[in-house]
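Here is what each chain is made of, one letter per residue.
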Amino acid sequence: MENNDVDSVFMTAALAEAAKAGRAGEVPVGAVVVSGGRILARGRNRMIGACDPTAHAEVDALRRAARRVGNYRLTGCDLYVTIEPCAMCVGAAVQARVRRLVYGAADPKAGAVRSVLDFPFARLNHRIEIRGGVRAEDCGRLLREFFRTRRKAGR
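This write-up is about the structure you can find in this document. In this text the structure is predicted, and so the values were computed from the model without any measurement.

### A look at the packing of aromatic side chains
One pass over the structure, following the stated rule, counts two aromatic pairs. Aromatic pair phenylalanine 10 and tyrosine 80: ring centres 5.4 Å apart, planes at 50°, arrangement tilted. Pair noted here: phenylalanine 10 is in helix 1 (residues 3-23) and tyrosine 80 is in strand 3 (residues 78-83), with a separation of 70 residues, a long-range link. The exposure classification of phenylalanine 10 matches that of tyrosine 80, with both residues buried. Look at phenylalanine 146 and phenylalanine 147: their rings are 5.1 Å apart centre to centre, the planes differ by 80°, and that puts the pair in the edge-to-face class.

Dropping the structure here:
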């Protein structure tokens with residue numbers, strides 16, 4: 001399977017996590033951590049339910065993966081997330097030493113990889129390979145539909 005096909009498969013898993021978050025009333029963002037071609041951990045936004053501003057999908061997935069391997073360093077792992085990560089989540093990925101960050105839709109309001117901030121990977125001791133736009137339309141549609149529904153409900 002080509003890398004593009006593999007990325008699409010894992011983004012599908014992240015989209016499933018995002019849908020679960022949306023059904024729980026959270027902003028529908030999902031993430032998976034992949035190691036050796038297999039999903040090591042899944043995460044989704046849990047900020048509202050957990051009353052935790054750091055409970056973003058990426059952080060949730062990274063925490064679960066680190067516990068599973070027994071090490072905070074996730075060297076050789078790839079992080080897939082449905083939306084371009086914020087500065088906190090990019091920082092967490094750097095601290096975890098992930099190999100690749102693959103995201104779906106760009107985030108023009110808080111994206112810290114390319115949209116709002118251009119994270120200074122070149123100046124850090126760990127660099128992450130970045131790929132954006134994987135299933136971007138599907139990822140963006142999920143978010144748009146979630147917020148459209150909330151606006152109609154007056155929330």
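The discussion continues.
### Topic: the packing of helix 3 (residues 57-69) against helix 4 (residues 87-96)
At a minimum axis distance of 9 Å, the contact between helix 3 and helix 4 shows a crossing angle of 20°. What the angle tells us is that helix 3 and helix 4 run roughly parallel. Crossing of helix 3 over helix 4 shows left-handed handedness. Seen from helix 3, the contacting residues are Glu58, Val59 and Leu62; seen from helix 4, they are Met88, Cys89, Ala92, Ala93 and Ala96. Tallied by class, residues from the contact of helix 3 with helix 4 come to seven nonpolar, no polar and one charged.

### Section: the side chain of aspartate 78
Within the element layout of this structure, aspartate 78 appears in strand 3. Aspartate 78 sits in the buried class, given a relative accessible area of 6%. Within the local environment of aspartate 78, its side chain forms a polar contact with the side chain of arginine 99, the two groups lying 2.7 Å apart. Once you skip the residues sitting within four places of it in the chain, aspartate 78 turns out to touch Val32, Val33, Val34, Arg99 and Arg100.

### Regarding the pattern of salt bridges
By the definition in use, this model includes 13 salt bridges. Ionic pairing is found between aspartate 78 and arginine 99, a salt bridge with its closest N-O pair at 2.7 Å. Pair noted here: aspartate 78 is in strand 3 and arginine 99 is in the loop between helix 4 and strand 4 (100-105), with a separation of 21 residues, a long-range link. Arginine 144 is the partner of glutamate 137 in a salt bridge, and the nearest nitrogen-oxygen pair spans 2.7 Å. Residue glutamate 137 is classed as partly exposed on the basis of its relative accessible area of 48%. Among the charged side chains, a network of salt bridges with common partners joins Asp7, Asp78, Arg99, Arg100, Glu129 and Arg131.

### Concerning a positive patch on the surface
Residues Lys109, Arg148, Arg151 and Lys152 make up a contiguous surface patch of positive charge. Note on placement: lysine 152 falls in helix 5 (residues 136-153).

### Notes on unusual backbone geometry
Here arginine 97, not a glycine, exhibits a phi torsion of approximately 65°, which is positive. As for its placement among the helices and strands, arginine 97 is situated in the loop between helix 4 and strand 4. A relative accessible area of 15% places arginine 97 in the buried class. Of note in the backbone geometry, arginine 135 takes a positive phi value of approximately 55° without being a glycine. For arginine 135, the location among the structural elements is in the loop between strand 5 (129-131) and helix 5.

Quick notes on the rules
- Residues numbered from 1 in each chain as written.
- Predicted model: local features only at pLDDT ≥ 70, side-chain atom pairs only at ≥ 80, totals over all residues.
- Heavy atoms only, no water.
- Phe/Tyr/Trp six-rings, centres within 6.5 Å; stacked < 30°, edge-to-face > 60°.
- Helix = DSSP H or I, 4+ residues; strand = E, 2+ residues; numbered from the N terminus.
- Buried < 20%, exposed > 50% of the residue type's maximum accessible area, 1.4 Å probe, protein only.
- Axes fitted to C-alpha atoms, helices over the stretch in contact; angles between N-to-C directions.
- Parallel < 35°, antiparallel > 145°, perpendicular 65-115°, else oblique.
- Left-handed = near helix turned anticlockwise from the far one by under 90°.
- Contact = heavy atoms within 4.5 Å.
- Nonpolar A, V, L, I, M, F, W, Y, C, P; charged D, E, K, R; others polar.
- Polar contact = N/O pair within 3.5 Å; in protein donor to acceptor, adjacent residues only side chain to side chain.
- Salt bridge = Lys/Arg side-chain N within 4 Å of Asp/Glu carboxyl O.
- Patch = residues over 30% accessible without salt bridge, like charges linked within 9 Å, V, L, I, M, F, W, Y side chains within 5 Å.
- Areas by Shrake-Rupley, 256 points an atom, 1.4 Å probe, with all protein chains shown as cover.
- Lys, Arg positive; Asp, Glu negative; His and termini not counted.
- Charge placed at Lys NZ, Arg CZ, Asp CG, Glu CD.

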